[in-house]
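Chain and residue survey
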Amino acid sequence: MKVDELMQRNVKTVRSDDSVAEAIVALADAHVSGMPVVDRAGKVVGVVSTTDVLAAEAESPDGVGGEDDWQNTPVRDIMTPHPFSIAPGDDVREAARQMLYAEVHRLFVSEGGQVVGIISTSDIVRAVATGML
């Protein structure tokens, strides 16, 4: 089975200069745990996840939190740079291997330098559970 058969095509993004507060709302509204971070030109420069938000809160000496702090903190300050990606024609098992070895929960599916989808561990588990894989 190929990645493009399982990937989610409706990719929501946040910009690197958006506030963390905006990213938190975007994650919650999309019901996802992570999304691509793009620059002004739309190029993917990172990924922001709920884990990044939790880590920023936990590692802050004063406890960042609070709406004011999150409003003033740009996503680029907490995102994970250099996200992992895979091609739509690659095998799903290769996607699973990459996620396992990189210890990530999602890969961006890119074609011609553009993100065309996302495949997550949940997508693969769902395929196994329903007998698709």
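Please read all numbers here as calculations on a predicted model, not as lab measurements.

1. Considerations on the overall build of the chain
Counting its secondary structure elements, the chain contains six helices and seven strands. Reading the chain from its N end, one meets helices and strands in the order α-β-α-β-β-α-α-β-β-α-β-β-α. In terms of C-alpha radius of gyration, the chain reaches 15 Å, essentially the compact-globule figure of 14 Å for 133 residues. Counting only C-alpha atoms and orienting by the principal axes, one finds that the chain spans roughly 45 × 30 × 25 Å. Look at the contacts in the chain between residues 6 or more apart in sequence, and 55% of them connect residues 24 or more apart. Here the chain has roughly 7,800 Å² of accessible surface; of this, 50% comes from carbon and sulfur atoms. Each charge class in the chain was averaged separately, 11 positive and 21 negative side chains, and the resulting centres sit 9 Å apart.

2. Digging into the sheet that holds strand 2 (residues 34-38)
Strand pairing in a sheet takes place through backbone hydrogen bonds and is either antiparallel or parallel in direction. One open sheet accounts for four strands, arranged 1-2-3-4; its pairing is mixed. Whereas interior strands pair on both sides, the edge strands pair on one side only; in this sheet they are strand 1 (14-15) and strand 4 (80-81). Bridge analysis of strand 1 against strand 2 gives two bridges, and the strand direction is parallel. The partner of Arg-15 across the bridge, within strand 2, is Val-38. Together, strand 1, strand 2 and strand 3 (44-49) form the strand contacts of helix 2 (residues 20-30), whose direction differs from that of strand 2 by roughly 135°. Across the sheet, helix 3 (residues 50-59) lies against strand 3 and strand 4, angled at about 70° from strand 3, the strand it touches most.

3. What about the nonpolar core?
Val-14, Val-37, Val-48, Trp-70, Val-75 and Ile-78 are the most contacted members of the largest nonpolar core, which totals 14 residues. Those elements that provide at least two residues to this core are helix 2, strand 2 and helix 3. The element best represented in this core is helix 2, accounting for four residues. Each residue touching Val-75, except ones within four places of it in the same chain, is listed here: Val-14, Arg-15, Ser-16, Asp-18, Ser-19, Val-20, Ala-23, Val-37 and Val-48. Residues Val-3, Ile-86, Val-92 and Ala-95 belong to the second largest nonpolar core, which totals twelve residues.

Cut-off values and rules
- Residues numbered from 1 in each chain as written.
- Predicted model: local features only at pLDDT ≥ 70, side-chain atom pairs only at ≥ 80, totals over all residues.
- Heavy atoms only, no water.
- Helix = DSSP H or I, 4+ residues; strand = E, 2+ residues; numbered from the N terminus.
- Rg over C-alpha atoms; globule rule 2.2 N^0.38 Å.
- Contact = heavy atoms within 4.5 Å.
- Areas by Shrake-Rupley, 256 points an atom, 1.4 Å probe, with all protein chains shown as cover.
- Lys, Arg positive; Asp, Glu negative; His and termini not counted.
- Charge placed at Lys NZ, Arg CZ, Asp CG, Glu CD.
- Pairing = 2+ DSSP bridges.
- Axes fitted to C-alpha atoms, helices over the stretch in contact; angles between N-to-C directions.
- Core = buried A, V, L, I, M, F, W, Y, C linked by side-chain atoms within 4.5 Å.
- Buried < 20%, exposed > 50% of the residue type's maximum accessible area, 1.4 Å probe, protein only.

These values are about where atoms sit, not about what they do.
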